[in-house]
Amino acid sequence: MAKMILSMDGLVLKEIPLTKERMTLGRKPHNDIQIDNLAISGEHAAVVTILNDSFLEDLNSTNGTLVNGQPIKKHFLKNGDVVELGKYKLKYIAEQASPVTDAADFEKTMVMRPGMVRPAPEPAAEAKPVAAPAAPAAASAKPVGGDTQAGLHATAAAAATAAAQPAPAAAAIQILNGANAGRELELTKTLTTLGKPGLQVAVIAKRPHGFFITHVEGAKFPVVNGKILDAQAHQLADHDVIEIAGIKMEFFLKT
């Protein structure tokens, strides 16, 4: 789990685990991270955490927010980044390496870069059925003294636990307007970035129980089925229509 280490003048004050999807920082008591100092705005900034990745957003604070000495409005946090709020510093520590930390691993702004999208698939007639993976053969288990029964029970329990975990369905998005209309992109990455940097950016996160879209950058929030989203992650349903940076696209599950 990622965390932030709050310090002032080199003295560590406390460690703050990022346990919520969205945590606010500010002077007022209702903030998740309260810093009672007049240099800090009532609601100064927010940290949005999606899986193992965190984004920092300045909430139009009076004195601004710095990361590694540079003023920011939106910033993708990397391990070791230092956030400055007045005299206070928050060091971001990603304790678990993220599979999408490197920018090259993102599906980069596919709406604005045709090279990142691929043509719509050929008719389904060419698709070939894929056999389900065979379960491990019980006959391969060999008795090992008195532990055989316990081992079988443990194997059965592990299989039941694995079966209980819902696997996310395969999904894709298809562009509905603009130069790339009709093209689609499969959502195979843990995080897929959509939009245009500097204008409007959102991410679709692939989770065990579905696909979720979250606003990352820009004054305007994504629109799903004509409804403007808020700062919280929104679970996508089959055939939802998303609008971001002037481009409409349809999210659909693949069978």
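Here, residues in each chain are numbered from 1, in the same order as that chain's written sequence. With the structure being a predicted model, the display of local features is reserved for residues of pLDDT at least 70 and the display and counting of side-chain atom pairs for 80 or more, all residues being used for whole-chain, interface and lining totals. Here the side-chain values reflect all heavy atoms present in the structure, with hydrogen atoms and water set aside.

(A) Examining the overall build of the protein chain more closely. A run of H or I in DSSP becomes a helix once it reaches four residues, and a run of E becomes a strand once it reaches two; helices and strands are each numbered from the N terminus. For the protein chain, the helix and strand inventory stands at 1 helix and 21 strands. Relative accessible area decides the class of each residue, using a 1.4 Å probe on protein chains only: under 20% of the type maximum gives buried, over 50% gives exposed, and in between gives partly exposed. Considering the protein chain as a whole, with its 255 residues, one finds that 37% of them fall into the buried category. Excluding contacts between residues fewer than 6 apart, the proportion of contacts in the protein chain whose partners are at least 24 apart in sequence is 43%. Within the structure as shown, the protein chain displays about 14,500 Å² of accessible surface, and the carbon and sulfur contribution to it stands at 56%. It only takes one pair of heavy atoms within 4.5 Å for two residues to be counted as in contact. Note on areas: Shrake-Rupley, 1.4 Å probe, and residue coverage restricted to the protein chains presented here.

(B) Structural context of the pattern of salt bridges. The term salt bridge refers to a pairing of a side-chain nitrogen on Lys or Arg with a carboxyl oxygen on Asp or Glu at a separation within 4 Å. In the structure shown here, the tally under the stated rule is 7 salt bridges. The closest approach of N and O atoms between Lys73 and Asp58, which form a salt bridge, is 3.7 Å. Taken together, the positions of Lys73 in the loop between strand 8 (70–72) and strand 9 (74–76) and Asp58 in strand 6 (residues 53–58) put the pair 15 residues apart, joining distant regions of the chain. Lys254 serves as the salt-bridge partner of Glu186, at 3.2 Å between the closest nitrogen and oxygen. Taken together, the residues span a long stretch of sequence, with Glu186 in strand 13 (residues 184–186) and Lys254 in strand 21 (residues 247–254) at a distance of 68 residues. Ionic contacts of the salt-bridge type, sharing partners, join the residues Glu184, Glu186 and Lys254 into one network.

(C) Inspection of the environment of Val203 at higher detail. Structurally, the position occupied by Val203 is in strand 15 (residues 200–207). For Val203, a relative accessible area of 2% corresponds to the buried category. Remark: the alpha-carbon pair of Val203 and Ala233, spanning 30 residues in sequence, is separated by 9.5 Å. Contacts of Val203, omitting those with residues within four sequence positions, involve Ile50, Phe55, Leu191, Thr192, Thr193, Phe212, Ile213, Thr214 and Val216.

(D) Spatial organisation of the confidence of the model for the protein chain. A residue's pLDDT is the predictor's confidence in that residue, given on a scale from 0 to 100. A residue-level look at the protein chain finds 70% of positions with pLDDT of 70 or above and a mean pLDDT of 75. At the level of individual helices and strands, the protein chain shows its lowest average pLDDT in helix 1 (residues 148–164), which scores 46, and its highest in strand 17 (residues 223–224), which scores 93. Across residues 123–127 the pLDDT falls below 50, and counting only partners more than four positions away or on other chains, this stretch makes 0 contacts in the model. Throughout residues 158–163 the model reports pLDDT below 50, and contacts reaching past four residues in sequence, or to other chains, amount to 0 contacts.

(E) Broad picture of the packing of aromatic side chains. Side-chain rings of Phe, Tyr and Trp (the six-membered ring for Trp) are treated as a pair once their centres are within 6.5 Å; stacked means planes under 30 degrees apart, edge-to-face means over 60, and tilted covers the remaining angles. The tally for this structure, following the rule as stated, stands at 2 aromatic pairs. Cation placement over rings: the criterion is NZ of Lys or CZ of Arg within 6 Å of the ring centroid and within 35° of the ring normal. Here the basic side chain of Arg207 rests over the ring of Phe212, its NZ or CZ set 4.5 Å away from the ring centre.

(F) Expanded view of the sheet that holds strand 6. Read from one edge to the other, the open sheet built from 5 strands follows the order 4-3-5-6-9, with strand pairing classed as mixed. Both outer strands of the open sheet, strand 4 (33–34) and strand 9, are each paired with one neighbouring strand and no more. Pairing between strand 6 and strand 9: 3 bridges, direction antiparallel. Its bridge partner lying in strand 9, Glu57 is registered against Lys74. Pairs of strands are assigned from DSSP output, requiring at least two bridges between the strands.

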